[in-house]
Amino acid sequence: MKKFLTGNEAVARGAYEAGITVASAYPGTPSTEILENVALYKEDIYAEWAPNEKVALEVTIGASIAGARALAAMKHVGVNVAADPFFTYSYTGVNGGLVIVSADDPGMHSSQNEQDNRMYAKFSKAAMVEPSDSQESKDFVKTAIEISEKFDTPVLFRMTTRICHSKGIVEFGEREETPMKKYEKNIPKYVAAPANARALHVKVEDRLKKLEEFSNTTELNRFEWNDKKIGIITSGVAYQYSKEVFGDKVSYLKLGFTFPLPMQKIKEFAAQVETLYIIEELEPYIEEQVKAAGVNCIGKDIIPRVGELNPDIIAKAILGEEREIIKFDESKTVGRPPTMCAGCPHRGFYYALSKKKNIMVTGDIGCYTLGSAAPLSAMDTCICMGSSISTGHGAQRAFQKNGIDKRVVTVIGDSTFFHTGINSLIDIAYNKSSTVTVILDNRITGMTGHQENPGTGYTLQGEKTGMINIPKLCKAIGIPNVRTVNPLKLNEVNEALDEALASDEPSVIITRWPCVLKRLSQEDVEEFGNERIVCEVNEDSCRGCKICTQTGCPAIEFDSNIKKARIDENMCVGCEVCLQACPFDAIEKAGV
Amino acid sequence: MADIKNILLVGVGGQGIILASKILAKGLMSVGFDVKMSEVHGMAQRGGSVTTQVRFGEKIYSPIIGKGQADILVSFEKMEAVRWIDHLKKDGKVVVNDYEIPSAPILIGSAEYPKGIVEELQSKTNVTIFKAADIAKGLGNIKTMNIVMVGALVKAMGIDNIDWEEVIKNTVKEKFVDINIKALRKGMEQI
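Residues numbered from 1 in each chain as written. Chains lettered and ligands numbered in written order. Predicted model: local features only at pLDDT ≥ 70, side-chain atom pairs only at ≥ 80, totals over all residues.

Quick look at the overall build of chain B now. Regarding its fold elements, chain B presents eight helices and six strands. Counted from the first residue to the last, chain B has its helices and strands arranged as β-α-β-β-β-α-β-α-α-β-α-α-α-α. In terms of overall dimensions, chain B is globule-like: its C-alpha atoms have a radius of gyration of 16 Å, near the 16 Å expected for 191 residues. Considering only C-alpha atoms, chain B reaches an extent of 50 × 40 × 35 Å along its principal axes. Buried residues in chain B amount to 55% of all 191 residues. In chain B, once contacts between residues fewer than 6 apart in sequence are set aside, the share between residues at least 24 apart is 65%. (Helix = DSSP H or I, 4+ residues; strand = E, 2+ residues; numbered from the N terminus. Rg over C-alpha atoms; globule rule 2.2 N^0.38 Å. Buried ≥ 20, exposed ≤ 12 C-beta atoms within 10 Å, placed from the backbone. Contact = placed C-beta atoms within 7 Å.)

See the structure below:
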């Protein structure tokens, strides 16, 4: 059977065919759809959302030690979170095969950095495979599981946005039903205490030699001989880009198994071609190792290490070729940055926050990062998942210790709070920080496309489960001031912020209202209702002050001809934030 | 590589571009083409400028379309056509939905929706412009605007010999099949 799949969907199919029975992940673009699709094989695979990537990896490590084939998936920065168990599991080795998918994001379509996670394979000494299209994304999962079990190593499965989110035709195979391996207690192998770990490291170095032998013989690393004037060593999507540019006019060493590198094959290839190019996206991962082995090649001197690669960059760098382009008058376009949706519950909160003076706002990762954009501009920092609360605490302490009168408000989403924000809040309580923590609870993981989380009451595979009670959790941690507000009620938000800012004790404000795009659960409908009465501008009362546009709602347009605001009835959901912001009561509920 | 065709669909998050390209890819696969398609997910979707790229031919390598490479640019929103025009081949075709979605800077009054887009497109490209939103509204559901655009696209690309109605039947929910087939036909009439 043939199907048209994204790389992510193909990995899920690969997990099924490879006989994987346990999978765990935390959502993150561009990796999210892997687990969403693995979850569809309900009969055969247990799949779950973990609160963060470290937990996800540990869950699959447990399954692997128990003897099952397992898969963890995460975006590139998620591997940073999971790095601790990853490095040590590379030492202990596996029982059932373990694949760890790292979905990197060159060009930062939806990320805070563009780190090249191929470095993690070398650093952790785990084997690595790199698919270059959807078919390989499926096939390589099975191969990776086999490598994992044969060589006693976890396998890093490195993808990039264009592999994850591009669709291609995939030929299906059958599921390999593998009986779970026997679990045997093996303390020297699985207890990574110093005495055992010293022995494990020796084993790992030996394993690397065996893996390099494999790398030199496996068909995952293959020659494609054509004219030998130009030879190209490449991997991942860069292989597809190279083929796009050069077709069958040059020779290739196409690498699918990229740690350890097949240095013997590389030397053999280099000896036969006149000029050797290394074409890789981001870091000179292959190039540096090839050069260190004494092989002359051209790479990052002409291929940029910043941003996403594409065929045009390669053609220009190597052939000096550029296509003719139709030039247009740039005044005919206006930027279209992403915005918070009409009716987004974050808007009311941010609008109120943007009016507070003399504060620093440390933010976090989610749709609400858009609160940093104009006109709200109500977020000052965003570093990584869960960082808002702890960076805020550090800033607050620095201000206090140095006699600077400034208060810090930290802003974090519900899912991000469960991810790694909780630890930071414990620090706030423990070290008695006067920081004001705001948890934006929109009842779902929003940005990545609505995944369930420990606060929503449902699991990835659709089972009902308990919901974390955030106020109770905060109280239990030891936060004295905990208050829940409706973020669409500006008065409520203002009052809560003022009260918290006036206190020297730790405060948490929870803004609780569902994401406007969320498919409401029965519980949501009971709690929040689902009526939609749109707002409209009374043109007689509107004085054209533009204050409503300062909420940044995409449903509000200012008509500069008649100097009045207008609300798009198709977009408005009647959240009433603009209605409260208007100083002239010129916005009303339609038909009320 | 002359037998490879490149279709660039552009617009604004939420306009149904992904469904449109899904239908397109299915139809192209049904007649034996190799097809690759690239989409945008995540933060960029939130009301931002989005694009889906579809490439088909005997054998496709790169999933993305470079500058000056698109055989056809199908823009679901007027201003987006201009933003992506540098991806069009010199003799490529442009199909534009005469429909404006103001972006954030326009909404807050710090910029104006650009004037003279149609004239600019007409002076530099082989362009067809029509009001897909009005057509879709006339059919009773503005959301079928994306399928109106698909109809125009397949006609303009000369791939209207594929059984697109069958593809629609196999893709959309049963109760939406009839209206989407009507939308497809209306779209084809625009070219």
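We are not done yet, so read on.
The next point concerns the UniProt feature "binding site: [4Fe-4S] cluster 2" (unreviewed entry) in chain A. Residue and element names in this part refer to chain A. Here the UniProt-annotated "binding site: [4Fe-4S] cluster 2" (unreviewed entry) positions come out as Cys-553, Cys-572, Cys-575 and Cys-578. In summary, the annotated positions, though distributed over 26 residues, converge in three dimensions, the widest C-alpha pair being only 10.5 Å. Inspection of the secondary structure assignment puts Cys-553 in the loop between strand E19 (535–537) and strand E20 (556–559). Take Cys-553: there are 30 C-beta atoms within 10 Å of it, and that puts it in the buried class. Those residues in contact with Cys-553 that sit more than four places away from it in its chain are Ala-342, Arg-347, Val-577 and Cys-578. (UniProt positions renumbered as here; feature names shortened; annotations may be inferred.)

What follows is about the domain arrangement of chain A. Residue and element names in this part refer to chain A. Taken domain by domain, chain A holds domain 1 (2–217), domain 2 (222–319), domain 3 (345–528) and domain 4 (535–589). In this structure, domain 1 and domain 3 have C-alpha centres spaced 32 Å apart. If you look at the interface, domain 1 gives 16 residues, while domain 3 gives 17 residues. At the level of elements, strand E3 (46–49) and helix H4 (76–92) are the ones that each hand at least two residues to the side of domain 1 that touches domain 3. Examining the composition of the side of domain 1 that touches domain 3, we find that three residues originate from one element, E3, more than from any other. Across the side of domain 1 that touches domain 3, the residue classes break down as nine nonpolar, five polar and two charged. (Domains from an automatic or database assignment. Nonpolar A, V, L, I, M, F, W, Y, C, P; charged D, E, K, R; others polar.)

Residue and element names in this part refer to chain A. By the criterion of burial, strand E4 (residues 70–75) is predominantly enclosed, with six of the six residues buried. Relative to E4, strand E2 (residues 22–25) is paired through four bridges, and the arrangement is parallel. Note on E4: the bridge partner recorded for Ser-24 is Ala-72. Where E4 lies against strand E5 (residues 98–104), six bridges are found, and the strand directions are parallel. Considered in E5, the bridge of Ala-72 is made with Ile-100. Taking the sense of rotation as the criterion, the β-α-β connection linking E4, H4 and E5 turns out right-handed. (Pairing = 2+ DSSP bridges. Right-handed = clockwise from strand over helix to strand, strands pointing away.)

Residue and element names in this part refer to chain A. In this structure's numbering, the residues bearing the UniProt feature "binding site: [4Fe-4S] cluster 1" (unreviewed entry) are Cys-542, Cys-545, Cys-548 and Cys-582. Taking the farthest pair of C-alpha atoms as the criterion, the annotated set spanning 41 residues converges on one region, since that pair is 10.3 Å apart. The class of Cys-542 is buried, set by 20 C-beta atoms lying within 10 Å. Beyond its immediate stretch of four places on either side in the chain, Cys-542 contacts Val-537, Lys-564, Ala-565 and Ala-586. Here Cys-548 shows up in the loop between E19 and E20. Beyond its immediate chain neighbours, meaning those up to four positions away, Cys-548 contacts Ile-556, Ala-565, Cys-578, Ala-581, Cys-582 and Ile-587.

A word on the interface of chain B and chain A. With 51 residues of chain B at the contact, the number on the chain A side is 48 residues. Among the elements of the structure, helix H1 (17–30), strand E2 (34–38), helix H2 (78–83), strand E5 (88–97), helix H3 (104–107) and helix H4 (117–124) of chain B are those that each provide at least two residues to the side of chain B that touches chain A. In terms of residue count, E2(B) provides more of the side of chain B that touches chain A than any other element does, five residues in total. For the side of chain B that touches chain A, the per-class residue count stands at 25 nonpolar, 14 polar and twelve charged. As paired elements, strand E8 (residues 166–171) of chain A and E2(B) share two bridges and run antiparallel to each other. Looking across to E2(B), one finds that A:Ser166 is bridged to B:Ser38.

Take the packing of helix H15 (residues 387–401) of chain A against helix H16 (residues 414–430) of chain A next. Residues and elements named next belong to chain A. Close contact between H15 and H16 brings their axes to 7 Å; oriented N to C, the two are set at 25 degrees. Classified by the interaxial angle, the pair formed by H15 and H16 is roughly parallel. From H15, Ile-389, Ser-390 and His-393 reach across to H16, where they touch Gly-421, Ser-424, Leu-425, Asp-427 and Ile-428. The residue makeup of the contact of H15 with H16, split by class, is three nonpolar, four polar and one charged. (Axes fitted to C-alpha atoms, helices over the stretch in contact; angles between N-to-C directions. Parallel < 35°, antiparallel > 145°, perpendicular 65-115°, else oblique.)

All names here are of chain A. Where H4 contacts helix H9 (residues 194–217), the axes come no closer than 8 Å and their chain directions differ by 75 degrees. Considering the angle they form, H4 stands roughly perpendicular to H9. In this structure, H4 uses Ser-90, Tyr-91 and Thr-92 to contact H9, whose residues at the interface are Ala-197, Leu-200, His-201 and Val-204.

Residues and elements named next belong to chain A. With respect to topology, seven strands assemble into an open sheet ordered E3-E2-E4-E5-E7-E6-E12, the strand pairing being mixed. Each edge of the open sheet is held by one strand with a lone partner, namely E3 and strand E12 (257–259). Neighbour to neighbour, the strand axes of the sheet diverge by 20 degrees on average, direction disregarded. Bridge count for strand E6 (residues 127–129) against strand E7 (residues 155–160) is three bridges, and the pairing is parallel.

What follows deals with the sheet that holds strand E17 (residues 481–485) of chain A. Residue and element names in this part refer to chain A. In spatial order, the strands read E14-E15-E16-E18-E17; together these five strands make up an open sheet with parallel pairing. Each edge of the open sheet carries a strand with a single partner, namely strand E14 (359–362) and E17. Between one strand and the next, the sheet's axes are offset by a mean angle of 20 degrees, whatever the strand orientation. Relative to strand E18 (residues 507–512), E17 runs parallel, the two sharing five bridges. Counted as the bridge partner of Val-482 is Val-508 from E18. Set on the sheet, H15 makes contact with E14, strand E15 (407–413) and strand E16 (436–441); between it and E15 the angle comes to about 175 degrees.

Moving on: unusual backbone geometry. All names here are of chain A. Look at the link from Thr-29 to Pro-30: it is a cis peptide, with omega at 10 degrees. Residue position: Pro-30 is located in the loop between E2 and helix H2 (33–38). In this model, Phe-259 is joined to Pro-260 through a cis peptide bond whose omega is -5 degrees. One non-glycine residue, Lys-432, lies in positive phi territory at about 50 degrees. Along the chain, the position of Lys-432 falls in the loop between H16 and E16. One non-glycine residue with positive phi stands out, namely Lys-546, at about 70 degrees. Along the chain, Lys-546 turns up in the loop between E19 and E20. Residue Lys-546 is classed as partly exposed on the basis of its C-beta count, with 16 C-beta atoms lying within 10 Å.

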